[in-house]
Amino acid sequence: MKVMKFGGTSVGKPERMHHIAGLVTKETEPTIVVLSALSGSTNALVEIAENIAKGDRGVAKQLIDKLEAHYQQFISELVKKPAATEKAKSIIAEHFEFLNIILKISFSEALSKDILAQGELLSTKLFSVYLEEQEIAHALIPALEFMTIDSYDEPQIGSIKVKLSQIIKQHADKTLFVTQGYISRNARGEVDNLKRGGSDYSASLIAAAINATVCEIWTDIDGMHNNDPRIVNKTLPITQMSFDEAAELAYFGAKILHPASIWPAQQYKIPVKLLNTMQPEAKGTLVVEEAGSVGVKAVAAKDNIIAIRIKSSRMLLAYGFLRKIFEVFEKYRTPIDMITTSEVAVSLTIDNPIFLKEILRELEPFGTTEVDYNQAIISVVGNEISQTTDIIRKLFGSIVNIPIRMVSYGGSPHNISLLTDAEHKIQLLQQLNKGMFGLD
Ligand code: ADP
Ligand code: ASP
Ligand code: MG
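Quantities reported herein were computed from a predicted structural model and do not represent experimental measurements.

K.L.:
Please clarify how empty space enclosed by the protein should be interpreted in this entry.
P.N.:
In this approach, a probe sized like a water molecule rolls over the atoms, and the result shows the empty space that is left. In the structure shown here, the tally under the stated rule is one cavity of 30 Å³ or more. By volume, the largest cavity amounts to about 40 Å³. Every residue lining the largest cavity is listed: Asp-200, Ser-204, Cys-215, Ile-217, Leu-257, Ser-261, Ile-262 and Val-272. Going through the elements one at a time, helix H8 (199-209) and strand S7 (215-219) are the ones with two or more residues in the lining of the largest cavity.

K.L.:
How do you make sense of the site of ligand 1 when you look at a structure like this?
P.N.:
Taken together, 16 residues sit near ligand 1, with Lys-5, Thr-219, Asp-220, His-225 and Lys-255 positioned nearest. Here an oxygen atom of ligand 1 sits 2.7 Å away from a polar atom, N or O, in the side chain of Thr-219. The contact in question runs from an oxygen atom of ligand 1 to an N or O atom on the backbone of Ile-256, over 3.4 Å. Protein contacts shield 87% of the accessible area of ligand 1, which totals 570 Å² for the unbound molecule. Its residues placed into classes, the shell around ligand 1 shows five nonpolar, six polar and five charged.

K.L.:
I would appreciate a short explanation of the packing of aromatic side chains in the present structure.
P.N.:
Working definition: an aromatic ring pair is given by the centre-to-centre distance plus the angle between the planes. The final tally for this structure, using the stated rule, is six aromatic pairs. Note on Tyr-332 and Phe-355: the rings are 5.5 Å apart at their centroids and 35° apart in plane angle, and the pair reads as tilted. One end of the pair, Tyr-332, is in the loop between helix H11 (321-331) and strand S12 (339-341); the other, Phe-355, is in the loop between strand S13 (345-350) and helix H12 (356-363), and 23 residues separate them in sequence.

K.L.:
Is there a simple way to think about the nonpolar core in this case?
P.N.:
Note that soluble globular proteins tend to have their nonpolar side chains buried in a common cluster. Within the largest apolar cluster, 100 residues are counted, with the highest numbers of intra-cluster contacts made by Phe-6 and Phe-127. Counting residues per element, this core draws most heavily on helix H6 (residues 109-133), at eleven residues. Setting aside anything within four residues of it in sequence, one finds Phe-127 in contact with Met-17, Ile-20, Ala-21, Val-24, Val-33, Leu-35 and Val-178.

K.L.:
Even after reading the chapter, I still don't get the environment of Thr-31, so can you show me in this structure?
P.N.:
Along the chain, the position of Thr-31 falls in strand S2 (residues 31-35). Put simply, Thr-31 and His-258 are 227 residues apart on the chain and 21 Å apart in space, counted from C-alpha to C-alpha. Not counting the four nearest positions on each side in its chain, Thr-31 is found in contact with Met-1, Lys-2, Met-4, Thr-175, Leu-176 and Phe-177. Side-chain polar atoms of Thr-31 contact the backbone oxygen of Glu-29, separated by 2.8 Å.

K.L.:
Would you mind going over the sheet that holds strand S1 (residues 2-6) with me for this structure?
P.N.:
The pairing of strands in a sheet comes from backbone hydrogen bonds and takes either a parallel or an antiparallel form. As summarised here, the arrangement of the eight strands in space is S3-S4-S2-S1-S7-S9-S10-S8, forming an open sheet in which the pairing is mixed. This sheet does not close on itself; its edge strands, each paired only once, are strand S3 (139-140) and strand S8 (240-242). Looking at chain direction, S1 and S7 are connected through four bridges and run parallel. Across the sheet, Lys-5 pairs through a bridge with Ile-217, a residue of S7. Sheet contacts for helix H2 (residues 14-25): S1, S2, strand S4 (176-180) and S7; angle to S1, the most-contacted strand, approximately 170°.

K.L.:
Please clarify how unusual backbone geometry should be interpreted in this entry.
P.N.:
Excluding glycine, residues mostly have negative phi values, and the peptide bonds linking residues are mostly trans. Backbone geometry at Lys-195 places phi at a positive 75°, although glycine is not the residue there. Take Lys-195: it is sitting in the loop between strand S6 (191-193) and H8. One non-glycine residue, Lys-269, lies in positive phi territory at about 55°. Relative to the elements of secondary structure, Lys-269 occurs in the loop between helix H10 (262-267) and strand S9 (272-276).

K.L.:
Any chance you could explain the packing of helix H13 (residues 391-398) against helix H14 (residues 425-437) here in plain terms?
P.N.:
Each pair of packed helices can be described by the angle between their axes along with the distance between the axes. Between H13 and H14, whose axes approach to 8 Å, the crossing angle comes to 145°. The interaxial crossing formed by H13 with H14 has right-handed handedness. Taken together, the residues of H14 that come into contact with H13 (itself represented by Ile-391, Lys-394, Leu-395 and Ser-398) are Gln-431, Leu-432, Gly-435 and Met-436. Residues of the contact of H13 with H14, tallied by class, amount to four nonpolar, three polar and one charged.

K.L.:
Quick question: what am I supposed to make of the layout of surface pockets here?
P.N.:
Roughly 270 Å³ of internal volume is contained in the second largest pocket. Glu-109, Ser-112, Lys-113, Leu-116 and Asn-193 are the residues nearest the centre of the second largest pocket, which is lined by 15 residues in total. Residue assignment for the lining of the second largest pocket shows that the elements contributing at least two residues are helix H3 (41-53), H6 and S6. Its residues placed into classes, the lining of the second largest pocket shows six nonpolar, two polar and seven charged.

Calculation notes
Residues numbered from 1 in each chain as written. Chains lettered and ligands numbered in written order. Predicted model: local features only at pLDDT ≥ 70, side-chain atom pairs only at ≥ 80, totals over all residues. Heavy atoms only, no water. 1 Å grid on protein atoms, 1.4 Å probe; cavity = no way out; pocket = protein on both sides within 12 Å on 5 of 7 lines; lining within 4 Å. Points joined across faces, edges and corners; volume = space filled by probe spheres on them. Helix = DSSP H or I, 4+ residues; strand = E, 2+ residues; numbered from the N terminus. Near = heavy atom within 4 Å. Polar contact = N/O pair within 3.5 Å; in protein donor to acceptor, adjacent residues only side chain to side chain. Areas by Shrake-Rupley, 256 points an atom, 1.4 Å probe, with all protein chains shown as cover. Nonpolar A, V, L, I, M, F, W, Y, C, P; charged D, E, K, R; others polar. Phe/Tyr/Trp six-rings, centres within 6.5 Å; stacked < 30°, edge-to-face > 60°. Core = buried A, V, L, I, M, F, W, Y, C linked by side-chain atoms within 4.5 Å. Buried < 20%, exposed > 50% of the residue type's maximum accessible area, 1.4 Å probe, protein only. Contact = heavy atoms within 4.5 Å. Pairing = 2+ DSSP bridges. Axes fitted to C-alpha atoms, helices over the stretch in contact; angles between N-to-C directions. Left-handed = near helix turned anticlockwise from the far one by under 90°.

These results come straight from atomic positions and should not be treated as a statement about function.
Encoded structure:
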């Protein structure tokens, strides 16, 4: 069995949905198709939820109506037969009635998650109507019945596996399954999600749960590139990379993959392929255990980083100091991304600001703290790069007139990270593209 995940742009136009129906029906092995919401839908739903949360129900209503009109237009080109059109219309009516009801009741966090789930529910149901119109046998299987997260928001592959295999067994006559990416049910039984971009994570979790032969991530670009194509002019696709390299790139900002999407595939040894829906014959990127080659593969940037420096003379020759500092971050469940130390100070970075005030208060007894907001981590990723001779000269030689706040080298053999003020991010990515990859 295999998994094919299609992102927002891959399903965002009626002709694209027709096209992916062609791709999934070419398959000879049983397939689970995981779909995102139509491009722009989740952003629109976030805006709707935000307006309802702040009491701007008039604005929320306008946004709901605009989104509904977009779906009406979409189905008018998606399906043609009267029965399919009727069905698609009633799906839209059902989901937009739900959004309009939410407008009238008092807002809660749980309701906002319900709002966000509508995008994937709509895209999969409409795709299913199209497949039905084309007489393509398939089963639409609800992610909310198997994709569960625990009270720490962690998905549990074991229970996903049990539930999913039961559902698949109920459709023993089918070889094509369609389900929603992104959405899940939390420990309280409420509708929840795997965070923005989470459909990749859904696909990898499903692939792990069914022990798939491959997890294909179909998107709008021909694989993982050596740099962020939204920022630098010239980038090239990478043919093969290791799970470790892909995980580092995803975690450190390569938007093509959700930050957590690699570990399930890695743990269950499922190859991941990054493929281009618009150019299905392109090779894309294969992610497996072996890196395929040594040396620098790519750079990526992660935004909205906060750097904290804790300075204390008590750190001098002291042991146990770092443990006490880490305990503060542990208490507030705030992961640390980068860390560097000197004899009298430690600098570290976080990207989750929710408990920053509490963390700073609890760090007070350890020394003086300085906080730099709006930083960016630029990561240089490649197989065993820390053992590649000449890397440091090449890396630092590429950087001209950009202040670097922190450097992290050797933590992982696959990653060297630099911290700089966000205002220098674009320039730094461009300079590295030229210096490390010879691309202008
Ligand atoms: P989808 O909607 O299919 O999930 P995303 O927009 O989430 O697609 O991810 C694909 C986008 O990721 C590409 O269009 C590209 O602009 C961006 N991207 C950022 N960094 C990289 C990279 N290193 N390689 C490829 N794409 C990248
Ligand atoms: N639709 C969700 C989002 O836009 C999930 C995804 O596309 O992966 O974040
Ligand atoms: Mg995505």
